[in-house]
Amino acid sequence: LLVAVKYYARQNNYQKARELAQKLVEHDGSESHLVVYTDIIAQQVKNGQSSSDPSLDSEAQKLLKQAEDREQQAGELNTELPSQQEEYDRLINEAEDLRKQASLLDITRSVNYLIAKKPLGGDKSGLLDLQIAKLYLAADQRDNAKEYIWRVVDNTNTLRQDSPILEPLQEVVGAYNTAQA
């Protein structure tokens, strides 16, 4: 299944890749497979192939309706007046933010999915926290991404020995500590 997921992703058929990645996670919900699954979702969004049709997704509909309401309110203002120009700008910015939230729903849901999948004792592989950071970066939420990157760095000593990121991360942390000294 993993080979098929990668094949369809290379072909930019993210819908098929996502379906297969979901089956892969259902069969084996390992951290690495969860990363593959959420990577496919992020690629799908990045390439404008969001899985959810806004007309069928009630959460997206709600966000888009709020954006339209803000735009309508802005359209009713007289922008000749400075105070109304400020209100117009505020409403248009809010509308843009709401539309962006709607377009990034799949990524937001992926973050929530990974957070829910994390063991109570924390992410001992580091993969889930690192993937959450990547998803936050894809959603242009840099502060949240930094928080998760620092979690991985701060927990280097508690990662499982079989973690695929342990050795490279120890090298980075070692180099960072040497530079700080």
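Structure's up top.
Residues numbered from 1 in each chain as written. Predicted model: local features only at pLDDT ≥ 70, side-chain atom pairs only at ≥ 80, totals over all residues. Heavy atoms only, no water.

Here we look at the pattern of salt bridges
Counted only if it meets this: Take a side-chain nitrogen of Lys or Arg and a carboxyl oxygen of Asp or Glu: if they are within 4 Å of each other, that pair is a salt bridge. Here's how the labels work: a residue is buried when its accessible area is under 20% of the maximum for its type, exposed when over 50%, partly exposed in between, all with a 1.4 Å probe on protein chains only. Here a helix means four or more residues in a row that DSSP labels H or I, a strand means two or more in a row labelled E, and each is numbered from the N terminus.
Tallied over the full model, the rule gives 15 salt bridges. The salt bridge involving Asp 140 is made with Arg 142; its shortest N-O contact spans 3.8 Å. Assessed through its relative accessible area of 46%, Asp 140 is described here as partly exposed. In this structure, Glu 147 engages Arg 151 in a salt bridge whose closest nitrogen and oxygen atoms are separated by 2.8 Å. Here Arg 151 and Glu 147 lie together in helix 8 (residues 142–154), a separation of 4 residues that amounts to about one turn. By relative accessible area, which is 38% here, Glu 147 ends up partly exposed. Classification of Arg 151 by relative accessible area gives partly exposed; the value is 30%.

Digging into the environment of Val 45
Where we set the bar: Here, residues are in contact when the closest pair of their heavy atoms is within 4.5 Å.
Within the secondary structure, Val 45 sits in helix 3 (residues 31–46). Sequence-wise, Val 45 and Tyr 8 are 37 residues apart; in three dimensions their C-alpha atoms are separated by 15 Å. Non-local contacts of Val 45, meaning those with residues more than four positions away in its chain, are made with Ser 103, Leu 104, Asp 106 and Ile 107.

Brief notes about unusual backbone geometry
Even without a glycine there, the phi angle at Asn 12 is positive, about 60°. Along the polypeptide, Asn 12 turns up in the loop between helix 1 (2–10) and helix 2 (14–27). The phi dihedral of Asp 140 falls on the positive side, at around 60°, and the residue is not glycine.

Description of the packing of aromatic side chains
Put simply, the test is: In this analysis, rings of Phe, Tyr and Trp, with Trp reduced to its six-membered ring, are considered paired at centre separations within 6.5 Å, and the interplanar angle assigns stacked below 30 degrees, edge-to-face beyond 60, and tilted for intermediate values. As a reminder, the over-ring test applies to NZ of lysine and CZ of arginine, requiring each to be within 6 Å of the ring centre and within 35 degrees of the ring normal.
Under the counting rule described, the total for this entry stands at 4 aromatic pairs. Between Trp 150 and Tyr 176 the ring centres are 6.1 Å apart and the planes differ by 70°, which places this aromatic pair in the edge-to-face class. Here Trp 150 is found in helix 8, whereas its partner Tyr 176 is found in helix 9 (residues 166–180), with 26 residues between them in sequence. Sitting above the plane of the Tyr 148 ring, Arg 151 keeps its charged end 4.2 Å from the centroid.

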